[in-house]
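So the chains spell out like this:
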Amino acid sequence: MKILECVPNFSEGRDEAKVERIVEEIRKSTGVKLLDYFSDQDHNRTVVTFLGEPAAVKEAALRACLRALELIDMRVHRGGHPRLGAVDVVPFVPIRGMDLSEAAHLAREVGRELGAAGELPVYFYGEAATDPKRRKLSDIRKGEYEGLKEKLATPGWEPDAGLAVFNPKSGASVVGARRPLIAFNVNLRPPLLDQAKRIARTIRESSGGIPSVQAIGLELKEKGMVQVSMNLTDSRRASIPTVVEATGKGLEIVEGEIVGLIPLEALVDVAREYLKMPDFDPQQIIETHLLE
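Residues numbered from 1 in each chain as written. Predicted model: local features only at pLDDT ≥ 70, side-chain atom pairs only at ≥ 80, totals over all residues. Heavy atoms only, no water.

## Some remarks on the packing of aromatic side chains
Then step 1. Under the definition given, this model contains two aromatic pairs.
Then step 2. Between Tyr-123 and Trp-157 the ring centres are 5.9 Å apart and the planes differ by 75 degrees, which places this aromatic pair in the edge-to-face class. A residue pair is termed long-range when its members are at least 10 positions apart, and Tyr-123 in strand E6 (residues 121-126) and Trp-157 in the loop between helix H5 (148-152) and strand E7 (161-162) qualify at 34 residues.
Then step 3. Assessed through its relative accessible area of 0%, Tyr-123 is described here as buried. (Phe/Tyr/Trp six-rings, centres within 6.5 Å; stacked < 30°, edge-to-face > 60°. Helix = DSSP H or I, 4+ residues; strand = E, 2+ residues; numbered from the N terminus. Buried < 20%, exposed > 50% of the residue type's maximum accessible area, 1.4 Å probe, protein only.)

## Looking at the nonpolar core
Then step 1. Core analysis: the largest hydrophobic core is formed by 42 residues, its most contacted members being Phe-10, Phe-50, Val-87, Phe-92, Leu-114 and Val-175.
Then step 2. Secondary structure elements with two or more residues in this core: strand E1 (3-6), helix H1 (16-27), strand E4 (45-52), helix H2 (54-71), strand E5 (87-96), helix H3 (100-118), E6 and strand E8 (173-177).
Then step 3. Considering every element that reaches this core, the biggest residue donor is H2, with ten residues.
Then step 4. Not counting residues within four places of it along the chain, the set of residues in contact with Val-175 comprises Val-90, Phe-92, Ala-107, Gly-111, Leu-114, Val-122, Tyr-123, Phe-124, Tyr-125 and Ala-128.
Then step 5. Ile-210, Val-228, Leu-232 and Ala-238 belong to the second largest nonpolar core, which has 22 residues in total. (Core = buried A, V, L, I, M, F, W, Y, C linked by side-chain atoms within 4.5 Å. Contact = heavy atoms within 4.5 Å.)

## Here we look at the pairing of E8
Then step 1. Judged by how many residues are buried, E8 sits mostly within the fold: five of five residues are covered.
Then step 2. Side chains of E8 alternate between two faces, with Ser-173, Val-175 and Ala-177 and Val-174 and Gly-176 buried alike.
Then step 3. Pairing of E5 with E8 involves four bridges; the strand directions are parallel. Each bridged residue has a counterpart across the sheet, and for Val-89 the counterpart in E8 is Val-174.
Then step 4. Bridge analysis of E6 against E8 gives five bridges, and the strand direction is parallel. Residue pairing across strands places Phe-124 opposite Val-175, the latter belonging to E8. (Pairing = 2+ DSSP bridges.)

## Observations concerning the packing of H1 against H2
Then step 1. Where H1 contacts H2, the axes come no closer than 7 Å and their chain directions differ by 160 degrees. Taken together, the axes of H1 and H2 lie roughly antiparallel to each other. Remark: the crossing between H1 and H2 carries right-handed chirality. Only Ala-60, Arg-63, Ala-64, Arg-67, Ala-68, Glu-70 and Leu-71 of H2 make contact with H1, whose side of the interface consists of Lys-18, Arg-21, Ile-22, Glu-25 and Ile-26. (Axes fitted to C-alpha atoms, helices over the stretch in contact; angles between N-to-C directions. Parallel < 35°, antiparallel > 145°, perpendicular 65-115°, else oblique. Left-handed = near helix turned anticlockwise from the far one by under 90°.)

What follows is the structure in structure tokens.
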């Protein structure tokens with residue numbers, strides 16, 4: 001059986017009723033399993049994780065995305081996390097029985113249908129990208145929603161699907177395929193945003209830092225802290241202990257956060273490094289044997 005995961009990010013994390021209506025589209029979809037959803041008020045963003053057979057995942061993703069476009073108005077959206085639209089990014093992740101090229105093909109199908117039904121611009125990223133300069137999500141997001149109208153008028157930035165015009169209510173969506181990643185945040189005190197941004201700049205790969213780390217510094221007003229928000233695109237090259245150690249330089253680490261789900265092997269790496277057990281094996285975990 002082919003198993004595909006989808007992790008859509010919606011630009012709504014404060015209105016619980018709206019979030020529930022979006023997630024309900026996945027709950028009531030046949031053939032998929034809702035694994036997790038996480039809303040952050042400071043980010044004003046919700047991340048949903050579900051999986052199933054490819055056709056069922058495609059249908060559930062479209063239903064949830066179209067509901068989000070109906071409910072979210074980017075003209076009034078404010079939040080700390082970079083975003084391009086109401087349905088900000090929709091990654092598809094092959095889990096079993098399929099490869100990245102298959103996931104990319106399905107991502108493009110979803111992008112074309114979403115663009116047509118939602119009447120908004122859609123860009124393809126990751127393995128689904130049709131242009132090398134669009135492989136990185138951060139490159140597509142530059143300028144964010146506020147700069148989208150200008151981006152759409154810039155030669156070379158025509159959307160891959162949907163309408164090549166600015167949709168003020170919905171913005172644009174980015175759809176693609178990628179390998180599993182870890183969304184990991186470190187919250188820090190005192191709330192010095194410039195320090196958080198400096199740390200993020202130091203550790204992210206694009207600035208010459210840790211390979212496979214994407215990082216930004218954000219303010220968490222509700223908590224009275226700042227955050228280094230990270231995506232670890234390859235936990236084999238950047239473990240959680242590695243980024244925690246690199247982050248805790250100059251500010252006090254208060255807590256860490258995992259957004260969504262995480263591969264078991266990444267937590268095994270935590271045990272190996274922090275508990276000084278280099279030979280620790282996943283087979284030593286009781287629950288591992290229940291998964292076989």
